[in-house]
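Below, each chain spelled out in residue letters.
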Amino acid sequence: MDNPFSLNFGREPNLYIPRLEEQEKITSTFNSDNPYTNVFMIVGARGSGKTVLMSEISHSINSMPNWIHIDLNVERDLLNALAANLYNKTKKNYPKIKLDISIKGLDISLEREEKYTDIQLDLDKMLEALSKKKVRVLITLDEVVNSKGVREFTTYFQHCIREGLPVFLLMTGLYKNVRALQNNRSQTFLRRTPKIELEPLNLRRIALKYREVFSYSEEESMKVADMTAGYSYGFQILGYHLYESKERKLSDSVVTEYRISLEENSYEKIWEELSLNERLVAGAIAEHEGMVSVKVVREKLGMDSNNFSTYQSVLEGSGILKREKAYGILEFALPYFREFVISKMK
């Protein structure tokens, strides 16, 4: 039997723990007769399962009648790609719907301003035709960034909402990128966008999956689950190395491979994206095993409350620190991240 766990980012693994509550919330909202929102933003740390959740939702909705799903790449010309995909999928899935449009916007030789004007007119015509037939369009954008192309696209999407066109948008993003995008003057509506912030997975559900695969006892499965700290990618990595090991039991070599994979595949990128001061805050927290008070860390760094709270919010929003269970307490949320930070601060 092939290893059911995966080391790959962004791909649906063969074995994973679904986030049923979040999936149901988004799917039922988009399918309602009068949805209270046409857009959701899924936010979480690298490896928290944002892309997998978005894929699950899009597959579910795409299998329903009177839906078209279009997945767009943020690195491409988004309006251009939307027009081409919408035209092709409408012709394929709804051949009886006539699209009397020019598609001039698909001509890359046109001047940029003229091109976008034409594409928006063509998109409006296509969406109006679909609206008359009660067809809805789900657009997905993975890992949004504060780029000109994304801002142009979301501005057009806002126009669609004002016009009552049948479009729905599901995006994923890292905390910093989402914050930069929504703080742009032309994107203020994104501040009101409902956000699904992915919390750590339930440890009992993780333990149950490990029991199913490895036939562990309840005590063994909980011990292994605890090592993931509910980190979705950690669940996959630890399971992968356990499956590949000879005994399929926790051992020093399995733990070593687990920690190395966390660092190489996830933590190095997370660290790279932190500012110098955010790293300094993480380093000061890492000097203490387990929980530490905000006051102790702030005084160690000589920071005032306002500055420190900014960095704390970023580290929490990025999934590095746990959201405060008790006021003024700090603790790392990711497994073995403290040890990783210590090695980086040497």
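Residues numbered from 1 in each chain as written. Predicted model: local features only at pLDDT ≥ 70, side-chain atom pairs only at ≥ 80, totals over all residues. Heavy atoms only, no water.

## Regarding a nonpolar patch on the surface
Here is step 1 of the chain: A cluster of nonpolar side chains, namely L276, L280 and M345, defines an oily patch on the protein surface of about 280 Å² accessible area.
Here is step 2 of the chain: Mapped onto the secondary structure, M345 falls in helix α14 (residues 337–345).
Here is step 3 of the chain: The partly exposed category is assigned to M345, whose relative accessible area is 38%. (Patch = residues over 30% accessible without salt bridge, like charges linked within 9 Å, V, L, I, M, F, W, Y side chains within 5 Å. Areas by Shrake-Rupley, 256 points an atom, 1.4 Å probe, with all protein chains shown as cover. Salt bridge = Lys/Arg side-chain N within 4 Å of Asp/Glu carboxyl O. Helix = DSSP H or I, 4+ residues; strand = E, 2+ residues; numbered from the N terminus. Buried < 20%, exposed > 50% of the residue type's maximum accessible area, 1.4 Å probe, protein only.)

## Description of the packing of helix α3 (residues 78–93) against helix α5 (residues 148–162)
Here is step 1 of the chain: Close contact between α3 and α5 brings their axes to 8 Å; oriented N to C, the two are set at 55°. Here α3 is positioned oblique relative to α5, judged by the angle of their axes. Residues L78, L79 and L82 of α3 touch α5, and the partners they reach there are G149, V150, E152, F153 and Y156.
Here is step 2 of the chain: Taken together, the residues that form the contact of α3 with α5 break down as 6 nonpolar, 1 polar and 1 charged. (Axes fitted to C-alpha atoms, helices over the stretch in contact; angles between N-to-C directions. Parallel < 35°, antiparallel > 145°, perpendicular 65-115°, else oblique. Contact = heavy atoms within 4.5 Å. Nonpolar A, V, L, I, M, F, W, Y, C, P; charged D, E, K, R; others polar.)

## What about the packing of aromatic side chains?
Here is step 1 of the chain: Tallying each qualifying case throughout the model produces 19 aromatic pairs.
Here is step 2 of the chain: Ring centres of Y210 and F214 lie 6.2 Å apart, and the angle between their planes is 40°; on these two criteria the pair is classed as tilted. Of the two residues, Y210 and F214 are both situated in helix α7 (residues 203–214); the distance of 4 residues between them amounts to about one turn of the helix.
Here is step 3 of the chain: An aromatic cluster is built from Y231, Y233, Y267, W271, F332, F337 and F340, whose rings are joined through pairwise contacts.
Here is step 4 of the chain: The ring of Y243 has R248 sitting right over it, with the charged end atom 3.8 Å from the ring centre. (Phe/Tyr/Trp six-rings, centres within 6.5 Å; stacked < 30°, edge-to-face > 60°. Lys NZ or Arg CZ within 6 Å of the ring centre and 35° of its normal.)

## Re helix α8 (residues 218–226)
Here is step 1 of the chain: Among all positions of α8, only S221, V224 and A225 are buried. All buried residues of α8 lie within an arc of 100° about the axis, which places them on one face of the element. Along α8, the residues that are exposed and aim more than 90 degrees away from the buried face are E219 and K223.
Here is step 2 of the chain: Looking at the buried side of α8, the elements it contacts are α7 and α9 (232–244). (Arc of directions from axis to C-beta.)

## As for the nonpolar core
Taken as a class, soluble globular proteins show a tendency for nonpolar side chains to be buried jointly.
Here is step 1 of the chain: Core analysis: the largest hydrophobic core is formed by 47 residues, its most contacted members being Y210, F332 and F337.
Here is step 2 of the chain: Mapped by element, the contributors of at least two residues to this core are α7, α8, α9, α10 (252–272), α11 (276–286), α12 (294–301), α13 (305–317) and α14.
Here is step 3 of the chain: Among the elements that make up this core, the one with the highest residue count is α10 (7 residues).
Here is step 4 of the chain: A81, Y94, L123 and L181 belong to the second-largest nonpolar core, a separate cluster that totals 39 residues. (Core = buried A, V, L, I, M, F, W, Y, C linked by side-chain atoms within 4.5 Å.)

## What about the packing of α7 against α8?
Here is step 1 of the chain: Running from N to C, α7 and α8 point in directions that differ by 120°, and their axes come no closer than 8 Å. On the basis of the axis angle, α7 is oblique to α8. By crossing handedness, the relation of α7 to α8 is classed as right-handed. Of the residues in α8, those touching α7 at L203, R204, I206, A207, Y210 and R211 are E218, S221, M222, V224, A225 and D226.
Here is step 2 of the chain: Classifying every residue of the contact of α7 with α8 by side-chain character gives 7 nonpolar, 1 polar and 4 charged. (Left-handed = near helix turned anticlockwise from the far one by under 90°.)

## Concerning the pairing of strand β1 (residues 39–43)
Here is step 1 of the chain: Taking burial as the measure, the 5 residues of β1 include 5 buried ones, the bulk of the element.
Here is step 2 of the chain: Residues V39, M41 and V43 of β1 are buried on one face, and the alternating residues F40 and I42, pointing to the opposite face, are buried as well.
Here is step 3 of the chain: Inspection of the sheet shows β1 paired to strand β4 (residues 167–173) by 5 bridges, in the parallel sense. Each bridged residue has a counterpart across the sheet, and for F40 the counterpart in β4 is L170.
Here is step 4 of the chain: Judged from the 3 bridges that link them, β1 and strand β5 (residues 195–197) form a sheet pairing that is parallel. Residue pairing for β5: I42 is matched across the bridge by I196. (Pairing = 2+ DSSP bridges.)

## Some remarks on the confidence of the model for the protein
Here is step 1 of the chain: With 93% of its residues at a pLDDT of 70 or more, the protein shows a mean pLDDT of 90.
Here is step 2 of the chain: This stretch, residues 104–117, has a pLDDT under 50; its non-local contacts, to residues over four places away or in other chains, come to 20 contacts. (pLDDT = per-residue confidence, 0-100.)

## Points about unusual backbone geometry
Here is step 1 of the chain: One non-glycine residue, S215, lies in the positive phi region at around 60°.
Here is step 2 of the chain: Position of S215 among the secondary structure elements: in the loop between α7 and α8.

## Regarding the layout of surface pockets
Here is step 1 of the chain: Estimated volume of the largest pocket: approximately 500 Å³.
Here is step 2 of the chain: L198, E199, P200, E316 and G319 are the residues nearest the centre of the largest pocket, which is lined by 29 residues in total.
Here is step 3 of the chain: Every element with two or more residues in the lining of the largest pocket is listed here: α6 (175–182), β5 and α13.
Here is step 4 of the chain: The element that contributes the greatest number of residues to the lining of the largest pocket is α6, accounting for 4 residues. (1 Å grid on protein atoms, 1.4 Å probe; cavity = no way out; pocket = protein on both sides within 12 Å on 5 of 7 lines; lining within 4 Å. Points joined across faces, edges and corners; volume = space filled by probe spheres on them.)

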